[in-house]
Amino acid sequence: MEITATSSELIELGIALLLAGCLSGLLAGIFGIGGGAVIVPVMYQALLFLGVDDSVRMHIAVGTSLAIIVPTSLRSFFAHKRRGAVDMALFRSLMVPVPIGVIVASIVAASISGAALRGIFAAIALAVALKLILHRPGWQLGTDIPGNPSRSIIGGLIGFFSTLMGIGGGIINNTYMTLYGRPIHQAVATSAGVGVLISIPGMLGYIGAGWGNPLLPPFSVGFVNLVGVLIVIPASVLIAPLGVRIAHALTRRQLELGFGVFLLVVSARFALSLF
């Protein structure tokens, strides 16, 4: 396809992606979200700016986000693990169901519309934001996370919806764990590990789903754009440990409110794009 942006516009785009990488790395460390909730809307706007066809724009934003999340989630996960904050038993129990959900979502992504992807992103982000902002201490589904088959089903759903959103699973997994009484810091740390389980198979799935599509912009491998990956990853990986330090300096309520407000903004942006 033809890209019509001028050299100055491409430089501005590169700067915007670099800043997005810094912000995504910071958020990955603070909230365990992998940064996808930032990367997807930024990538979507960048592709709109470059005139990429609407039928593949959101798919590329999501696929590129998942590719970017791979090293960010790995670094965030190991930083949290060194602090002993990760629930390794829960993480191991999700190592099969989460990737299964990712694979199913990658198959669905090959046929779903860009508008549907934006709608899914907005709806889930809004629901989680309201839960976080309006949360009261007594809002729990139980005193501890249930075992199988419930845990495997939830894990599969986390992988499925996170892959369609292009996120590392922190948005949904944080909610899941805190609704069953887990501390927010443990939920954040474990979510970084879930991001690893989602981002690697998710990236490969989106590459396969978009392979050979004639509407892809230059430097794309399936629905993953290599320019976005190469610009955002270095910044996000370098900044992620700073986010981890911030996360462990904040209170539970500060984390909830900050995450909730951020998600409200992202949800509103994608909801408006549907009209």
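Check the entry above for the structure.
Residues numbered from 1 in each chain as written. Predicted model: local features only at pLDDT ≥ 70, side-chain atom pairs only at ≥ 80, totals over all residues. Heavy atoms only, no water.

Okay, the overall build of the chain next. Across its full length, the chain carries eleven helices and two strands. Traced from its N-terminal end to its C-terminal end, the chain shows the element sequence α-α-α-α-α-α-α-α-α-β-β-α-α. For a compact globule of 275 residues, the expected C-alpha radius of gyration is about 19 Å, and the chain comes in at 17 Å, within 12% of that figure. For the chain, the C-alpha atoms occupy an extent of roughly 55 × 35 × 35 Å along the three principal directions. A buried classification covers 55% of the 275 residues belonging to the chain. Of the contacts formed within the chain by residues at least 6 apart in sequence, a portion of 82% connects residues at least 24 apart. If you sum the accessible surface of the chain, you get close to 11,000 Å²; carbon and sulfur atoms cover 72% of it. (Helix = DSSP H or I, 4+ residues; strand = E, 2+ residues; numbered from the N terminus. Rg over C-alpha atoms; globule rule 2.2 N^0.38 Å. Buried < 20%, exposed > 50% of the residue type's maximum accessible area, 1.4 Å probe, protein only. Contact = heavy atoms within 4.5 Å. Areas by Shrake-Rupley, 256 points an atom, 1.4 Å probe, with all protein chains shown as cover.)

Quick look at the side chain of Ser220 now. Relative to the helices and strands, Ser220 is located in strand S1 (residues 220–221). Its relative accessible area of 19% is what places Ser220 among the buried residues. Separated by 3.1 Å, the side chains of Ser220 and Asn225 make a polar contact. (Polar contact = N/O pair within 3.5 Å; in protein donor to acceptor, adjacent residues only side chain to side chain.)

On to the pattern of salt bridges. For the coordinates displayed, the defined rule picks out four salt bridges. Between Asp54 and Arg57 there is a salt bridge, and its shortest N-O distance comes to 3.3 Å. Taken together, the residues span about one helical turn, with Asp54 and Arg57 both in helix H3 (residues 54–82) at a distance of three residues. Using a relative accessible area of 9% as the deciding quantity, one classes Arg57 as buried. Ionic pairing is found between Asp144 and Arg182, a salt bridge with its closest N-O pair at 3.0 Å. Taken as a pair, Asp144 in the loop between helix H6 (114–133) and helix H7 (150–165) and Arg182 in the loop between helix H8 (170–179) and helix H9 (184–209) lie far apart in primary sequence, 38 residues in all. Residue classification places Asp144 among the partly exposed residues on the basis of a relative accessible area of 42%. (Salt bridge = Lys/Arg side-chain N within 4 Å of Asp/Glu carboxyl O.)

Moving on, we come to a nonpolar patch on the surface. On the surface, Leu126, Leu130, Leu134 and Leu264 cluster together into a nonpolar patch covering about 300 Å² of accessible area. Mapped onto the secondary structure, Leu126 falls in helix H6. (Patch = residues over 30% accessible without salt bridge, like charges linked within 9 Å, V, L, I, M, F, W, Y side chains within 5 Å.)

Here Pro234 is to be found in helix H10 (residues 226–247). Relative accessible area serves as the criterion here: at 44%, Pro234 is assigned to the partly exposed category. Sequence separation of Pro234 and Leu18 is 216 residues, and the distance between their C-alpha atoms is 8.7 Å.

Another point: the packing of aromatic side chains. Taken as a whole, this structure holds five aromatic pairs when the rule is applied. Aromatic rings pair up to connect Phe77, Phe78 and Phe91 into one cluster. (Phe/Tyr/Trp six-rings, centres within 6.5 Å; stacked < 30°, edge-to-face > 60°.)

Between H3 and H9, the shortest axis-to-axis distance is 7 Å and the interhelical angle comes to 145°. Of the two possible hands of crossing, H3 and H9 adopt the one that is left-handed. Touching His59, Val62, Gly63, Leu66, Ala67, Ile69, Val70, Ser73, Leu74, Ser76, Phe77 and His80 of H3 are Val188, Ala189, Ala192, Gly193, Gly195, Val196, Ile198, Ser199, Ile200, Gly202, Met203 and Tyr206, all from H9. Within the contact of H3 with H9, the residues separate by chemical class into 15 nonpolar, nine polar and no charged. (Axes fitted to C-alpha atoms, helices over the stretch in contact; angles between N-to-C directions. Left-handed = near helix turned anticlockwise from the far one by under 90°. Nonpolar A, V, L, I, M, F, W, Y, C, P; charged D, E, K, R; others polar.)

Further remarks concern the side chain of Arg151. In this fold, Arg151 is placed in helix H7. Of note is the side chain of Arg151, whose polar atom sits 3.1 Å from the side chain of Ser93.

This part takes up unusual backbone geometry. Going from Asn148 to Pro149, the amide bond is cis rather than trans, its omega being 5°. For Pro149, the position within the fold is in the loop between H6 and H7. Its identity is not glycine, yet Phe219 carries a phi of approximately 65°, on the positive side. Structurally, the position occupied by Phe219 is in the loop between H9 and S1.

Counted at 1.5 Å a residue, the expected span for H7 with its 16 residues is 22 Å, and the 23 Å between its end C-alpha atoms agrees. Listing the buried residues of H7 in full gives Arg151, Gly155, Gly156, Ile158, Gly159, Phe160, Ser162, Thr163, Leu164 and Met165. Phi for Gly166, located one or two positions after H7, is positive at around 80°. (Expected span 1.5 Å × (residues − 1).)

A separate point is the environment of Val104. Structurally, the position occupied by Val104 is in helix H5 (residues 97–109). Overall, Val104 belongs to the partly exposed group, its relative accessible area being 41%.

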